[in-house]
Amino acid sequence: MRILAIAQSKGGTGKTTIALNLVAAAAEAGLSTVLVDADHHSAGSTVLLGFSPPERSLSAVLHHNVDPLAVAQRVPELNCLILPGSYALSELPPDLPLNVLSDCIQSVAHEARDLEDRAFYPDLVIIDCPGGDVAMTRMALYAADCVAVPMNFSALDLTANETTVNLIAAIRDLRGGRPVLAGIIPNRIHRGDTVARDLAFLVASRIPLLPTIPESNLIRRTGSASDLGRRVVVKSHRKSPAAEQFRLLFSVLTGKRRWSREDGLQYLAEQLNTTMEWLAPELERLQTEAALEGAPT
């Protein structure tokens with residue numbers, strides 16, 4: 001079982017959309033998932049389940065020691081269990097132990113049953129982290145094996161990105177190098193966006209870039225569809241370029257497809273309608289310096 005956190009300290013960067021489509025991509029690949037909606041806005045829960053009252057949410061598990069299987073709800077269409085979020089998550093006491101969410105996830109993973117009362121063994125756990133809630137994000141990172149960070153390429157997002165990366169680094173120090181930072185997910189990229197080109201180099205010089213999610217009207221309008229089967233692009237528009245992007249991201253994050261720093265840069269360059277040399281002309285020098293810094297003395 002792999003635990004993946006989708007984290008970014010700034011709201012509105014696409015964490016929930018990415019998490020939901022990764023769940024759909026996993027189901028399409030024949031895998032079972034647990035989706036942990038750790039966001040008090042509970043957008044992911046609302047998309048999949050409708051409104052979840054506080055007593056049926058993750059908050060009751062973390063704050064009142066309710067059995068997580070008592071609040072977990074099944075989404076058979078996506079071969080998924082979801083631990084729903086609610087606004088009550090914003091009222092959690094700040095002194096909760098760091099491991100409380102990890103314990104909750106492990107309990108679900110080892111005790112859950114499917115509709116035929118057989119053991120439900122998830123292949124993947126996806127934690128949809130909140131924006132702006134440092135305490136909950138720390139708990140999510142403490143539980144995760146790896147983390148991916150969605151980022152819209154703007155000056156505000158670049159500042160928020162530094163906060164997120166520093167938070168990940170602090171948890172990695174506590175856990176001896178976990179979670180692994182899989183990289184940045186360039187999200188809502190506009191072709192030819194010169195601001196994104198300028199900022200991409202600042203990010204790519206430090207952190208690998210994962211497959212890009214382009215700006216898409218199709219992605220934006222699916223979440224509000226009345227039919228559950230149409231609320232995620234991977235299910236509703238299976239052959240669309242947007243669905244293929246999410247499948248590619250899923251393949252990279254689950255290790256089914258090899259992906260290098262150069263792959264990420266080249267892919268973003270194609271989305272921005274430019275060349276990798278223009279996007280990051282100093283990449284080769286930076287890589288050489290990084291290799292020298294990491295060499296034994």
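The coordinates are above.
Residues numbered from 1 in each chain as written. Predicted model: local features only at pLDDT ≥ 70, side-chain atom pairs only at ≥ 80, totals over all residues. Heavy atoms only, no water.

Side note on the overall build of the protein
Counting its regular elements, the protein contains 14 helices and eight strands. Counted over contacts in the protein with a minimum sequence separation of 6, partners at least 24 positions apart contribute 76%. Approximately 13,300 Å² of the protein is accessible, and the part contributed by carbon and sulfur atoms is 51%. (Helix = DSSP H or I, 4+ residues; strand = E, 2+ residues; numbered from the N terminus. Contact = heavy atoms within 4.5 Å. Areas by Shrake-Rupley, 256 points an atom, 1.4 Å probe, with all protein chains shown as cover.)

Considering unusual backbone geometry
At the junction of Arg 178 and Pro 179, the peptide bond is cis and its omega measures out at 0° in the coordinates. Considering the arrangement of structural elements, one finds Pro 179 in the loop between α7 (155-175) and β7 (180-189). Not every positive phi belongs to a glycine, and Asn 79 is a case in point at roughly 50°. Inspection of the secondary structure assignment puts Asn 79 in the loop between β3 (73-75) and β4 (80-83). Note on Asn 79: relative accessible area 33%, which makes it partly exposed. Non-glycine residue Arg 188 carries a positive phi angle of around 55°. Position of Arg 188 among the secondary structure elements: in strand β7. (Buried < 20%, exposed > 50% of the residue type's maximum accessible area, 1.4 Å probe, protein only.)

Quick look at the packing of aromatic side chains
Applying the stated criterion across every chain yields a total of one aromatic pair. Against the face of Phe 120 rests Arg 74, its NZ or CZ located 5.5 Å from the ring centre. A cation over an aromatic ring shows up here: Arg 175 above the ring of Tyr 142, its NZ or CZ 5.6 Å from the ring centre. (Phe/Tyr/Trp six-rings, centres within 6.5 Å; stacked < 30°, edge-to-face > 60°. Lys NZ or Arg CZ within 6 Å of the ring centre and 35° of its normal.)

Quick notes on the sheet that holds strand β1 (residues 2-6)
Within the open sheet, the eight strands sit side by side as β3-β4-β2-β5-β1-β6-β7-β8. Their pairing is mixed. Whereas interior strands pair on both sides, the edge strands pair on one side only; in this sheet they are β3 and β8 (213-214). The pairing of β3 with β4 spans three bridges and is antiparallel. By the bridge assignment, Val 75 is partnered in β4 with Cys 80. (Pairing = 2+ DSSP bridges.)

Description of helix α12 (residues 261-271)
Along α12, the residues classified as buried are Gly 264, Leu 265, Tyr 267, Leu 268, Ala 269 and Gln 271. Immediately downstream of α12, the backbone of Asn 273 shows phi near 60°, a positive value.

Concerning the nonpolar core
Core analysis: the biggest nonpolar cluster contains 57 residues, and Val 36, Leu 58, Leu 62, Leu 101, Ile 127 and Phe 153 have the highest contact counts within it. Those residues in contact with Leu 101, other than ones at most four positions away along the chain, are Val 36, Leu 58, Leu 62, Ile 127, Met 136, Met 139 and Ala 140. Ala 148, Ala 242, Ala 243 and Leu 248 belong to the second-largest nonpolar core, a separate cluster that totals 40 residues. (Core = buried A, V, L, I, M, F, W, Y, C linked by side-chain atoms within 4.5 Å.)

Considerations on the side chain of Asp 128
Here Asp 128 shows up in strand β5 (residues 124-128). Setting aside residues up to four positions removed in sequence, Asp 128 forms contacts with Ile 6, Lys 15, Thr 16, Ala 19, Val 36, Asp 37, Ala 38 and Asp 39.

Here we look at the environment of Tyr 87
Counting through the fold element by element, Tyr 87 comes out in the loop between β4 and α5 (100-111). Using a relative accessible area of 46% as the deciding quantity, one classes Tyr 87 as partly exposed. With 30 residues separating them along the chain, Tyr 87 and Ser 57 place their C-alpha atoms 9.2 Å apart.

What to know about α5
An α-helical turn contains 3.6 residues, so any two residues separated by three or four positions project in the same direction. In a regular helix each residue adds 1.5 Å, so twelve residues correspond to 16 Å; α5 covers 17 Å between its end C-alpha atoms and thus fits that length. What α5 keeps buried is the set Val 100, Leu 101, Ser 102, Cys 104, Ile 105, Ser 107, Val 108 and Ala 109. (Expected span 1.5 Å × (residues − 1).)

Focus: the pairing of β1
Within β1, four of the five residues are buried, which leaves the element mostly enclosed by the surrounding structure. In terms of strand pairing, β1 meets β5 through five bridges, oriented parallel. Bridge assignment links Arg 2 to a residue of β5, and that residue is Leu 124. As paired strands, β1 and strand β6 (residues 146-152) are joined by three bridges and run parallel to one another. Across the sheet, the residue bridging to Leu 4 is Cys 146, located in β6.

Digging into the pairing of β7
Across seven bridges, the pairing between β6 and β7 is parallel. Across the sheet, the residue bridging to Ala 148 is Gly 183, located in β7. Read as a crossover between parallel neighbours, the route from β6 over α7 to β7 is right-handed. Examined bridge by bridge, β7 and β8 share two bridges and lie parallel to one another. Opposite Ile 189, over in β8, you have Pro 214 as the bridge partner. (Right-handed = clockwise from strand over helix to strand, strands pointing away.)

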